[in-house]
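# Fold and contact review
Next come the chains, spelled out residue by residue.
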Amino acid sequence: MEPGSSSTEKFYRIPKGKGPHSVGCTDLMTENAVEGSFLRLYYPSCNATDNEEAPWIPDKEYYQGLSDFLNMYRVVGERLFQYYVGSVTCPAKSNAAFKLGEKYPLLIFSHGLGAFRTIYSAICIEMASQGFVVAAVEHRDESASATYYCKKKSISEPQEESTSGLEKEWIYYRKLKTGEEERCLRHKQVQQRAQECIKALNLILKINSGEEVMNVLNSNFDWNSVKDSVDTSRIAVMGHSFGGATVIESLSKEIRFRCGIALDAWMLPVGDDIYQNSVQQPLLFINSEKFQWADNILKMKKLSSNDTNKKMITIMGSVHQSFPDFTFVSGGLIGRFFKLKGEIDPNEAIDISNHASLAFLQKHLSLKKDFDQWDSLVDGIGPNVIPGTNIDLPPAEPE
């Protein structure tokens, strides 16, 4: 069998959006090299029968970065990934025409440690199908498995098939150095990540206002069509793991984010100063059953003490990897071995997470939708969900 044409992909698919809109996606990278923005935009689209589905992992360098992150030899990792997921696409049409006629709320999405912009497509596509514009940021703080920026080729280099005169400069995941304190590095990274989320927000609003933005990636997407299509009063931020910490940091720095959703947040990177009432906006913690531990949960509780707009729920049977796409493209055996799958059906877990998120967003962005049908999930009521946490916490200290 040809690598990349593994028959497994016939059975394992990233789920399509369940909302009323078709979904398109396109990549955007601005100039200014490493200081610029890099994101994948998921959006409600016109029915695009001629457009191909977008590749899920678009460059082999991401396989190399994932191999580094997983402590595998690159040559082995690259072949394995290419064989198992090389032909996987995400169920969004590449560069499909943007669907006009509505103003859509905006969601900025932040990926986890060792991840990148494309591998939370199940979540981002569902949100876009329900009428959100979603900008999934690719962070350049050396926490992604791999990412890149475009730089001008030096004159001496041969012009390859690309005649743009630009080449990709790759940035790979940076491991902790011997003796380096993790909290110090992660706190520095989370501050850069929050700035990148705010930068992405500003970029989308700039496009929305009709300003020309130079996309250094060649695509035939018409960015002018996005003009006046974003509801600038309804903006939220969402992320997984390290991206959950990024949500908290972003909320504390940017009041235009009206609320946030932290999926299985990793609290270590969050600075001590953030706990001093610097997150005023509503915040929903959606946790997996298997990832959390007491100290991490206590930090979430410290952040949300006595604030009824800060909620926490736990999806029973789920694992940390129930949120990224790998849970959908791995078979049962491999999935369980690498903890990519929990005891709950991956589709059910992502539905609970997405439905709770939509209900929370409807409430706090004042949306006129029917997402309030899932309000009970935000209170942890329903199959396979509980309010708060499954973790035993030490008794509270007396005041």
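Residues numbered from 1 in each chain as written. Predicted model: local features only at pLDDT ≥ 70, side-chain atom pairs only at ≥ 80, totals over all residues. Heavy atoms only, no water.

### Topic: the overall build of the chain
- The secondary structure content of the chain amounts to 10 helices and 13 strands.
- The C-alpha atoms of the chain give a radius of gyration of 20 Å, which matches the 21 Å a tight globule of 399 residues would have.
- Viewed in the frame of its principal axes, the chain has a C-alpha envelope of about 70 × 50 × 40 Å.
- Summarising the internal contacts of the chain: among those between residues at least 6 apart in sequence, 74% fall at separations of at least 24.
- The positive charge centre, built from 43 side chains, and the negative charge centre, built from 51, are 1 Å apart in the chain. (Helix = DSSP H or I, 4+ residues; strand = E, 2+ residues; numbered from the N terminus. Rg over C-alpha atoms; globule rule 2.2 N^0.38 Å. Contact = heavy atoms within 4.5 Å. Lys, Arg positive; Asp, Glu negative; His and termini not counted. Charge placed at Lys NZ, Arg CZ, Asp CG, Glu CD.)

### Comments concerning unusual backbone geometry
- Unlike most non-glycine residues, Glu142 shows phi in positive territory, near 70°.
- With respect to the helices and strands, Glu142 occurs in the loop between strand 6 (133-137) and strand 7 (146-152).
- Taking relative accessible area as the criterion, Glu142 reaches 33% and is therefore assigned partly exposed.
- Non-glycine residue Ser366 carries a positive phi angle of around 55°.
- Inspection of the secondary structure puts Ser366 in the loop between helix 9 (346-365) and helix 10 (375-378). (Buried < 20%, exposed > 50% of the residue type's maximum accessible area, 1.4 Å probe, protein only.)

### A look at the confidence of the model for the chain
- When the pLDDT values of the chain are averaged, the result is 91; 92% of them are 70 or greater.
- The low-confidence segment residues 1-10, where pLDDT is below 50, has 15 contacts with residues more than four positions distant or belonging to other chains. (pLDDT = per-residue confidence, 0-100.)

### Brief notes about the side chain of Gln189
- Secondary-structure assignment places Gln189 in helix 5 (residues 182-208).
- What makes Gln189 buried here is its relative accessible area of 3%.
- Look past the residues within four positions of Gln189 in its chain and what remains in contact with it is Asp141, Glu142, Ser143 and Phe242.

### Considering the packing of helix 4 (residues 121-129) against helix 9
- Remark: helix 4 packs on helix 9, axes separated minimally by 11 Å, with the N-to-C direction vectors making an angle of 40°. Viewed along their axes, helix 4 and helix 9 adopt a mutual orientation that is oblique. For the crossing formed where helix 4 meets helix 9, the hand is right-handed. Here Ala122, Ile123, Glu126 and Met127 of helix 4 come into contact with helix 9, specifically with Ile350, Asn354, Ser357, Leu358 and Leu361.
- Across the contact of helix 4 with helix 9, the residue classes break down as 6 nonpolar, 2 polar and 1 charged. (Axes fitted to C-alpha atoms, helices over the stretch in contact; angles between N-to-C directions. Parallel < 35°, antiparallel > 145°, perpendicular 65-115°, else oblique. Left-handed = near helix turned anticlockwise from the far one by under 90°. Nonpolar A, V, L, I, M, F, W, Y, C, P; charged D, E, K, R; others polar.)

### Here's the deal with the sheet that holds strand 2 (residues 38-45)
- The strand order across the open sheet formed by 11 strands is 3-4-1-2-6-5-9-10-11-12-13, and the pairing between neighbours is mixed. Two strands in the sheet have a free side with no partner beyond their single neighbour: strand 3 (53-55) and strand 13 (385-387). Between one strand and the next, the sheet's axes are offset by a mean angle of 30°, whatever the strand orientation.
- Of the pairings in the sheet, the one linking strand 9 (residues 230-240) to strand 10 (residues 259-263) comprises 5 bridges and is parallel in character. (Pairing = 2+ DSSP bridges.)

### Concerning the nonpolar core
- Grouped together as the largest cluster of nonpolar side chains are 68 residues, with contacts concentrated most on Trp56, Ile57, Phe132 and Leu361.
- Among the elements that take part in this core, helix 9 stands out by supplying 9 residues, more than any other.
- Apart from residues no more than four positions distant in its own chain, Leu361 is found in contact with Leu107, Met127, Phe132, Ala236, Cys259, Ile261, Ser366 and Leu367.
- Residues Ala200, Leu205, Ala265 and Met267 belong to the second largest nonpolar core, which totals 50 residues. (Core = buried A, V, L, I, M, F, W, Y, C linked by side-chain atoms within 4.5 Å.)

### Quick look at the packing of aromatic side chains
- On inspection of all chains with the given rule, the structure shows 18 aromatic pairs.
- Centre to centre, the rings of Phe98 and Tyr104 are 5.8 Å apart; their planes meet at 75°, and the pair counts as edge-to-face.
- Owing to a relative accessible area of 0%, Tyr104 belongs among the buried residues under this scheme.
- A connected cluster of aromatic rings, assembled from ring pairs, spans Phe38, Tyr62, Phe116, Tyr148, Trp170 and Tyr172.
- One residue, Arg74, lies across the ring of Tyr172, its end atom 4.2 Å from the ring centre. (Phe/Tyr/Trp six-rings, centres within 6.5 Å; stacked < 30°, edge-to-face > 60°. Lys NZ or Arg CZ within 6 Å of the ring centre and 35° of its normal.)

### What about helix 2 (residues 60-69)?
- Taking burial as the measure, the 10 residues of helix 2 include 8 buried ones, the bulk of the element.
- For helix 2, the set of buried residues is Glu61, Tyr62, Tyr63, Gln64, Gly65, Leu66, Ser67 and Asp68.
- Residues of helix 2 that are buried sit in contact with strand 2, helix 3 (74-85), strand 7 and strand 8 (166-172).
- One or two steps after helix 2, the chain reaches Asn71, where phi turns positive at roughly 60°.

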